[in-house]
Amino acid sequence: MESLPIAGRVLPGLFERVDDPLYPPEALREALANAICHRDYSMGGGSVGIGIYDDRLEVTSTGSLRFGLTPEMLFDPHESRPWNPLIAGVFYRRGVIENWGRGTLRMAELAERAGLPRPEIEDSGGAVTVRFRPGRYVPPQRVGLDLTERQRAILAILGETPQGVALRDILPRLVNGATARQVRKDLQALRTLELAGPIGQGRGARWRRS
């Protein structure tokens, strides 16, 4: 979870901040459990992999869907027939999976509760991939060390409006405040990193995410 963006919030009556990962941990656990239970271990060089990208998280396991199941059917009530019943039985007894045949349904429920789109399931190329996508714009993590907190906030504001945002509209939306000069400097830095660019010139210019 250390590689995922974290959103912090403060609730009335609590002295500690509540941190919410971008993707619900319980949904990711279900995806991993499903991948291990249904992986085809007879295929040499197979694996269960996790890929974290700027706009998605993917859990991939070697092997195709079995017993006539399709990705669409997995989001409707269906019979549980794990390809590796011994592994699935251990996971069930240890509480890793809660109910037989509800893993994908539970992933969808948890994602919806967190305000995310329903996970995508793809069966192609001899592997099954479960794909989670964020419900909001997330600044690229690969340049996280190059950005200040204010620059991240500006980039998030720009990402919400494809038509572009004027400097005067950015200033009041910054929680910690900033001067026009500071924001101009930040916008130029984002432009240098090719993360943002202007539309028009002068005082009427609007900025948008690249």
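See the structure shown above.
These numbers come from a predicted model, not from an experiment. (Residues numbered from 1 in each chain as written. Predicted model: local features only at pLDDT ≥ 70, side-chain atom pairs only at ≥ 80, totals over all residues. Heavy atoms only, no water.)

Engineer: Whenever I open this one, the nonpolar core confuses me. Can you help?
Structural biologist: Nonpolar side chains tend toward joint burial in soluble globular proteins. Residues Tyr23, Ala31, Leu57, Ile121, Val130 and Phe132 are the most contacted members of the largest nonpolar core, which totals 19 residues. At the level of elements, helix 1 (25–38), strand 4 (57–62), helix 3 (103–113) and strand 6 (127–132) are the ones that each hand at least two residues to this core. Once residues lying within four places of it in the same chain are set aside, the contact partners of Ala31 are Val59, Met107, Val130 and Phe132. Core analysis: the second largest hydrophobic core is formed by 15 residues, Leu147, Leu155, Leu158 and Val165 among them. (Core = buried A, V, L, I, M, F, W, Y, C linked by side-chain atoms within 4.5 Å. Buried < 20%, exposed > 50% of the residue type's maximum accessible area, 1.4 Å probe, protein only. Helix = DSSP H or I, 4+ residues; strand = E, 2+ residues; numbered from the N terminus. Contact = heavy atoms within 4.5 Å.)

Engineer: In this structure, what is going on with the sheet that holds strand 4? I would like to understand it.
Structural biologist: Strand pairing in a sheet is mediated by backbone hydrogen bonds. Such pairs are either parallel or antiparallel. Taking strand neighbours across the sheet as the criterion, the 4 strands line up as 3-4-6-5 in an open arrangement whose pairing is antiparallel. Both edges of this open sheet fall to strand 3 (48–52) and strand 5 (120–124), since each of them pairs with a single strand only. Between one strand and the next, the sheet's axes are offset by a mean angle of 15°, whatever the strand orientation. Taken together, the 5 bridges between strand 5 and strand 6 define a ladder with antiparallel strand orientation. When the bridges of strand 6 are listed, Glu120 appears paired with Arg131. The sheet contacts of helix 1 involve strand 3, strand 4 and strand 6, and relative to strand 4 the element is tilted by about 15°. (Pairing = 2+ DSSP bridges. Axes fitted to C-alpha atoms, helices over the stretch in contact; angles between N-to-C directions.)

Engineer: Sorry, what's going on with the side chain of Asp40 here?
Structural biologist: Structurally, Asp40 is set in the loop between helix 1 and strand 3. Look at Asp40 and you get buried, because its relative accessible area is 8%. Polar side-chain contacts of Asp40 include one of 2.5 Å to the side chain of Ser42. Separated by 2.6 Å, the side chains of Asp40 and Arg66 make a polar contact. Ignoring any residue separated from it by four or fewer positions in sequence, one finds Asp40 in contact with Thr62, Gly63, Arg66 and Trp83. (Polar contact = N/O pair within 3.5 Å; in protein donor to acceptor, adjacent residues only side chain to side chain.)

Engineer: Before we go on, may I ask you to explain the pattern of salt bridges in this structure?
Structural biologist: It is possible for side chains of opposite charge to pair when their charged atoms get near one another. All told, the structure shown has 11 salt bridges when counted by the stated rule. Among the ionic pairs, Glu26 bridges to Arg106, the shortest N-O distance being 2.6 Å. Residue Glu26 is found in helix 1, and its partner Arg106 is found in helix 3; the two are separated by 80 residues along the sequence. The class for Glu26 is partly exposed, based on a relative accessible area of 40%. (Salt bridge = Lys/Arg side-chain N within 4 Å of Asp/Glu carboxyl O.)

Engineer: Is there a simple way to explain empty space enclosed by the protein in this structure?
Structural biologist: Which parts of space are left empty comes out when a probe the size of a water molecule is rolled across the atoms. One pass over the full model with this rule turns up 2 cavities of 30 Å³ or more. The space that makes up the largest cavity amounts to roughly 470 Å³. Together, 33 residues line the largest cavity, and Asn34, His38, Leu65, Leu74 and Thr104 are the ones closest to its centre. When contributions to the lining of the largest cavity are tallied by element, the ones reaching two or more residues are helix 1, strand 4, helix 3 and strand 6. Ranked by residues supplied to the lining of the largest cavity, first place goes to helix 1 with 6 residues. Considering only residue class, the lining of the largest cavity consists of 17 nonpolar, 11 polar and 5 charged. (1 Å grid on protein atoms, 1.4 Å probe; cavity = no way out; pocket = protein on both sides within 12 Å on 5 of 7 lines; lining within 4 Å. Points joined across faces, edges and corners; volume = space filled by probe spheres on them. Nonpolar A, V, L, I, M, F, W, Y, C, P; charged D, E, K, R; others polar.)

Fair warning: the whole summary comes from geometry, so function is off the table for now.
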